[in-house]
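# Remarks on the overall topology
Residues per chain are reported as follows:
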Amino acid sequence: MKKIRFGLVGCGLMAREFASASARWCHLMKDIPQPEIVGICTPVPAEMDWFNKHFPDIKYHTADYRDLVAAEDIEVIYVAVPHNLHAEIYTAVIRSGKALLGEKPFGIDKKANDEILKAYEETPGTFVRCTSEFPYFPAVQTMIKWYNEGKFGRIINVNAGFEHSSDMDLNKPINWKRMVCFNGEYGCLGDLGIHTMHVPFKLGFIPQRVYAVMSDIVKTRPDGKGGTAICDTYDNAILMTTATDKDGNEFPMQINTRRMCPGATNRWYLEIYGLDCSAKFSSDDPNAFCYTASWGKEQAWSRINIGYKSMIPAITGGIFEFGFTDAIQQMIAAFILEYLGEEVPFGLFTPEETRLAHSLQTAAVKSHKNQTVEEIIP
Ligand SMILES: NC(=O)c1ccc[n+]([C@@H]2O[C@H](COP(=O)([O-])OP(=O)(O)OC[C@H]3O[C@@H](n4cnc5c(N)ncnc54)[C@H](O)[C@@H]3O)[C@@H](O)[C@H]2O)c1
């Protein structure tokens, strides 16, 4: 099987997911080149142990990402590091001519995102994408297909959200994602927002105005060493935006990103309400696809078990269930197909889409601070 030689910058949570999905490539039925992990980079040597145990053939081990950028036998680099490092590392990868799969939010703020986009525009021919895996759940793929087929009719409103609850535990020690200097001023919105925007943006639901209410509920957290640390990021952000459907009709689109959401372990959801039909999906109930059937003047919500109907065919039987690790693998496979110039039914978040995400997030913070409705200027 043909392989694509990858370097991984960052050896944390997401890098391990990437490596695990790559290792079970036999899962996919389509003949797609398999990612081969040729080099890894982290300043924390202990983080390499898991990789060395499971991927003993890794050639480069380094604390300096420049070593992977310079390695001639690495084609693509996946970068999964804290947000304050995105601009420096992403621009270096892009300017080297290697392909980049970069984690969201693709820059700690709008300035950093502009720097990344500048490098991208100044390096013609490079292939760059940003991660976002939840759209690859089969129910979401069905919603996308239904919208493209015009099944919903005129859109009434759209709700998209990503919600967590582990921060409800006030004794949970702080990590870099709760500190503005590493995570960015957008707080939860920067960390979770792109996940909520991927499907709407691809469907052409481009937000034009935003009114945001953001909450910084928890001001300090245990520092994990017996002391207390400042927790200065927004915990929750609720955005009311206006968007238009493909016929130019305006509708309200609500985007929720919440870290303090009781009961939500990792709830990603999308709801599309239309005049002819409505549909919704929540990762709380990942096998369910819910949609309305009209009975004359009334609408009944129907729920079907969607099963394993993946965008890229896989060995799993259609009666089984699809999960987070499958979504990650579908996303990586879609990335590779796009990188090789093949069209996929639903592609990854593009650099241009990250620009729009940052415009929306920047306008949201301004809206919240000034209590104003802000225009979103791409
Ligand atoms: N797609 C998703 O579902 C998802 C989920 C969680 C996080 N993320 C994103 O992934 C990225 C990383 O998050 P994570 O949860 O894996 O974080 P993590 O804290 O688990 O891992 C971060 C890694 O970066 C490494 N690192 C720190 N400084 C570095 C440097 N100078 N050079 C190289 N490596 C360095 C750390 O040692 C660690 O290995 C972030 O952008 C985050 O927003 C995405």
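The following paragraphs examine the structure supplied in this document. (Residues numbered from 1 in each chain as written. Predicted model: local features only at pLDDT ≥ 70, side-chain atom pairs only at ≥ 80, totals over all residues.)

## Topic: the overall build of the protein
Rules: Here a strand is any run of E in DSSP of at least two residues, a helix any run of H or I of at least four, and the numbering for each starts at the N terminus. All radius of gyration figures rest on C-alpha atoms, and the globule criterion is 2.2 Å times the number of residues raised to 0.38. With C-beta atoms placed from the backbone, a residue is labelled by how many other C-beta atoms lie within 10 Å of its own: buried for 20 or more, exposed for 12 or fewer, partly exposed between the two. Any pair of residues counts as being in contact when their C-beta atoms, constructed from backbone geometry, are within 7 Å of one another.
Broken down by element type, the protein carries 10 helices and 17 strands. Taking 2.2 N^0.38 as the reference for a compact globule, 378 residues should give roughly 21 Å; the C-alpha atoms of the protein span a radius of gyration of 21 Å, in line with that estimate. Referenced to the eigenvectors of the C-alpha coordinate spread, the extents of the protein come out at roughly 65 × 50 × 40 Å. A burial count over the protein gives 46% of its 378 residues as buried. Intrachain contacts of the protein at a sequence separation of at least 6 include 68% that bridge at least 24 residues.

## Section: the packing of helix α4 (residues 86-96) against helix α5 (residues 110-121)
Convention followed: Axis lines are fitted through C-alpha atoms, for helices just across the contact stretch, and the angle between N-to-C directions can take any value from 0 to 180 degrees. Under this scheme an angle from 65 to 115 degrees is roughly perpendicular, one under 35 degrees roughly parallel, and one over 145 degrees roughly antiparallel; angles in between are oblique. Any residue that is not Ala, Val, Leu, Ile, Met, Phe, Trp, Tyr, Cys, Pro, Asp, Glu, Lys or Arg is counted as polar, Gly included; the first ten are nonpolar and the last four charged.
It is at 9 Å that the axes of α4 and α5 come closest, and there the two elements cross at 5°. Taken together, the axis directions place α4 and α5 in an arrangement best described as roughly parallel. Mapping the contact onto sequence places His-86, Ala-87, Tyr-90, Thr-91, Ile-94 and Arg-95 in α4 and Ala-112, Glu-115, Ile-116, Ala-119 and Tyr-120 in α5. Counted by class, the contact of α4 with α5 contains 7 nonpolar, 2 polar and 2 charged residues.

## Overview of the nonpolar core
Threshold: Buried Ala, Val, Leu, Ile, Met, Phe, Trp, Tyr and Cys residues form a nonpolar core when they are connected through C-beta atoms within 7 Å. The domain limits used here are those given by an automatic or database domain assignment.
If you look at the biggest cluster of nonpolar residues, it comprises 101 residues, and the most contacted ones within it are Leu-8, Ile-77 and Val-79. Ranked by residue count, the leading element in this core is helix α9 (residues 324-339), at 8 residues. No fewer than three residues from each of domain 1 (3-130) and domain 2 (136-311 + 352-375) sit in this core. Not counting residues up to four positions away in its chain, the partners in contact with Val-79 are Val-9, Gly-10, Ile-89, Tyr-90, Val-93, Leu-100, Gly-102 and Glu-103.

## With respect to the environment of Leu-100
For Leu-100, the position within the fold is in strand β5 (residues 99-102). Leu-100 sits 18 residues away from Pro-82 along the chain, and the two C-alpha atoms are 16 Å apart. Setting aside chain neighbours within four positions, we find Leu-100 in contact with Ile-77, Val-79, Tyr-90, Val-93, Ile-94 and Val-128.

## Notes on the site of the ligand
How we decide: Each residue gets a C-beta atom placed from its backbone. Should that atom fall within 6 Å of a molecule or strand, the residue is termed near it.
As a matter of local geometry, the ligand sits amid 22 residues, with Gly-10, Gly-12, Leu-13, Met-14 and Glu-103 nearest to it. Here the shell around the ligand is built from residues that sort into 12 nonpolar, 5 polar and 5 charged.

## Let's talk about the sheet that holds strand β15 (residues 288-295)
Through backbone hydrogen bonds, the strands of a sheet pair up, either in parallel or in antiparallel fashion. So the rule is basically this: For two strands to be treated as a pair, DSSP must find at least two bridges joining them.
What the 9 strands build is an open sheet, ordered β16-β15-β14-β13-β7-β12-β11-β8-β17; its pairing is mixed. Each having just a single partner strand, β16 (298-305) and β17 (374-375) make up the two edges of the open sheet. Pairing of β15 with β16 involves 8 bridges; the strand directions are antiparallel. Of the residues in β16, the one forming a bridge with Trp-295 is Glu-298. Contacting β13 (267-274), β14 (278-282) and β15, helix α6 (residues 138-148) crosses the sheet at an angle of about 155° to β14. Sheet strands in contact with helix α8 (residues 188-202) are β7 (155-163), β11 (236-244), β12 (250-258) and β13, and its direction is about 140° off that of β12.

## Structural notes on the packing of α5 against helix α10 (residues 351-370)
Test applied: In this scheme, a crossing is called left-handed if the near helix is turned counterclockwise away from the far one by less than a right angle; it is called right-handed if the turn is clockwise.
Following both chains from N to C, one finds α5 and α10 inclined at 165°, their axes separated by 10 Å at the closest point. With respect to α10, the element α5 is oriented roughly antiparallel. Judged by the twist between their axes, the crossing of α5 over α10 is left-handed. Residue-level inspection shows Lys-110, Asn-113, Leu-117 and Tyr-120 of α5 in contact with α10, the latter providing Pro-351, Thr-354, Arg-355, His-358 and Thr-362. Grouping the amino acids of the contact of α5 with α10 by side-chain chemistry returns 3 nonpolar, 4 polar and 2 charged.

## What about the sheet that holds strand β1 (residues 3-9)?
The strand order across the open sheet built from 6 strands is β3-β2-β1-β4-β5-β6, with neighbouring strands paired in parallel fashion. If you trace the sheet from one side to the other, it starts and ends with β3 (60-62) and β6 (128-130), each paired once. Sheet twist, expressed as the average angle between the axes of neighbouring strands with direction ignored, equals 25°.

## Notes on α8
As a reminder, the rule being used: Multiply 1.5 Å by the residue count of a helix minus one, and that product is the helix's expected span. To get the bend at a residue, fit one axis to the 7 residues ending there and another to the 7 starting there, then take the angle between the axes.
For α8, which comprises 15 residues, the first-to-last C-alpha distance of 22 Å matches the rise-based estimate of 21 Å (1.5 Å per residue) to within 8%. At Ile-194, α8 shows its maximal kink, close to 35°. With respect to burial, α8 is a largely interior element, 13 of its 15 residues being buried.

## Quick word on unusual backbone geometry
A cis geometry characterises the amide bond from Lys-104 onward to Pro-105, with omega recorded as 5°. Phi at Phe-106 takes a positive value of approximately 65°, unusual for a residue other than glycine. Phi is positive for Gln-371, close to 55°, though the residue is something other than glycine. Locating Gln-371 in the fold gives a position in the loop between α10 and β17.

## A closer look at the pairing of β13
Relative to β13, β7 is paired through 8 bridges, and the arrangement is antiparallel. Among the inter-strand pairings, Asn-159 is bridged to a residue of β13, identified as Glu-271. Here β13 runs beside β14; their pairing, made up of 5 bridges, is antiparallel. Bridge assignment links Leu-270 to a residue of β14, and that residue is Phe-281.

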